[in-house]
Amino acid sequence: KQEVTQIPAALSVPEGENLVLNCSFTDSAIYNLQWFRQDPGKGLTSLLLIQSSQREQTSGRLNASLDKSSGRSTLYIAASQPGDSATYLCAVNNYGQNFVFGPGTRLSVLP
Amino acid sequence: NAGVMQNPRHLVRRRGQEARLRCSPMKGHSHVYWYRQLPEEGLKFMVYLQKENIIDESGMPKERFSAEFPKEGPSILRIQQVVRGDSAAYFCASSLKENEKLFFGSGTQLSVL
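What this report covers is the structure whose coordinates are included nearby. (Residues numbered from 1 in each chain as written. Chains lettered and ligands numbered in written order. Predicted model: local features only at pLDDT ≥ 70, side-chain atom pairs only at ≥ 80, totals over all residues. Heavy atoms only, no water.)

Here we look at unusual backbone geometry
Excluding glycine, a negative phi dihedral is what most residues carry, and trans is how most peptide bonds are arranged.
In step 1: The linkage connecting I7(A) with the following residue, P8(A), adopts the cis geometry, with an omega of -5 degrees.
In step 2: Summarising the element assignment, P8(A) is placed in the loop between strand 1 (4–7) and strand 2 (10–14).
In step 3: Put simply, N7(B) and P8(B) share a cis peptide bond, and its omega is 0 degrees.
In step 4: Along the polypeptide, P8(B) turns up in the loop between strand 1 (5–7) and strand 2 (10–13).
In step 5: Within the chain, E52(B) stands out as a residue other than glycine whose phi angle is a positive 65 degrees.
In step 6: The exposure class assigned to E52(B) is exposed, which follows from its relative accessible area of 55%.
In step 7: A positive phi angle, near 75 degrees, is found at R64(B), a position not held by glycine.
In step 8: If you trace the backbone, R64(B) turns up in the loop between strand 6 (53–56) and strand 7 (65–68).
In step 9: Residue R64(B) is classed as partly exposed on the basis of its relative accessible area, which comes to 25%. (Helix = DSSP H or I, 4+ residues; strand = E, 2+ residues; numbered from the N terminus. Buried < 20%, exposed > 50% of the residue type's maximum accessible area, 1.4 Å probe, protein only.)

Describing the state of the cysteines
In step 1: Enumeration over the complete set of coordinates arrives at 2 disulfides over all chains.
In step 2: Two residues, C23(A) and C90(A), share a disulfide whose sulfurs are 2.0 Å apart. Linking C23(A) and C90(A), the disulfide has an S-S dihedral of approximately 70 degrees and is accordingly described as right-handed. Taken together, the residues C23(A) in strand 3 (residues 19–25) and C90(A) in strand 9 (residues 86–93) connect sequence positions 67 residues apart. Neither C23(A) nor C90(A) differs from the other in exposure class; each is buried.
In step 3: Across the disulfide from C23(B) sits C92(B); the S-S distance is 1.8 Å. Taking the sign of the S-S torsion, -50 degrees for the link of C23(B) and C92(B), the bridge is left-handed. (Disulfide = S-S within 2.5 Å.)

Observations regarding the interface of chain A and chain B
In step 1: On the chain B side, the residues contacting the 24 residues of chain A number 19 residues.
In step 2: Between chain A and chain B, roughly 1500 Å² of surface is buried when both sides are summed, and carbon and sulfur atoms account for 48% of that area.
In step 3: Counting every contact that joins chain A to chain B gives 0 salt bridges.
In step 4: Where chain A packs against chain B, one counts 8 residue pairs in polar contact (both at pLDDT 80 or more).
In step 5: Looking at side-chain class alone, the side of chain A that touches chain B contains 9 nonpolar, 13 polar and 2 charged residues. (Contact = heavy atoms within 4.5 Å. Buried area = accessible area lost by both parts, 1.4 Å probe. Salt bridge = Lys/Arg side-chain N within 4 Å of Asp/Glu carboxyl O. Polar contact = N/O pair within 3.5 Å; in protein donor to acceptor, adjacent residues only side chain to side chain. Nonpolar A, V, L, I, M, F, W, Y, C, P; charged D, E, K, R; others polar.)

This is the structure in structure tokens:
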């Protein structure tokens, strides 16, 4: 059974810092992995999806990497802004099964 | 191109009543997923449907909960005889193909009094 954890649970940084969010999963035979952000009281917004054959994906200031063998993915946010404050979730998909979500990292970027 | 639409946004029910949550997937998407989120917790999978078929309902309680995705119209998550423990945010997601990128609705916040 796939289990997903995220470290840290919460993170507070000053504006402008680069930061890394971590996601770990127990079953490395994944099909793809997706990063989302969730604003309070809102739904989830997809940020990046990495296929199992890929090592990383980039979108603007965001870069997600995937290391299947070690069961890890990282989300790198460059030059953080207050608007980046949200909860970031990773979700792992093993083919034929459903996306399993981590508990999320709550990010606060202070102006 | 509208995204995933969920309604109502907020739903208040008294214990014992029925709750019906609706989800219209993105245009062209035939795969629908329902998730539940409790305060300060992650999303828990409930059920996965394709048009007219339930593919995986392993995350859905066996009693009082049911889901459908008819040929025409939105997907419906139905909770009968609601209890206080059913209070949560219920999210619907859709995808173009199985195991591909998920797009989420804004959720329905169910409150059981």
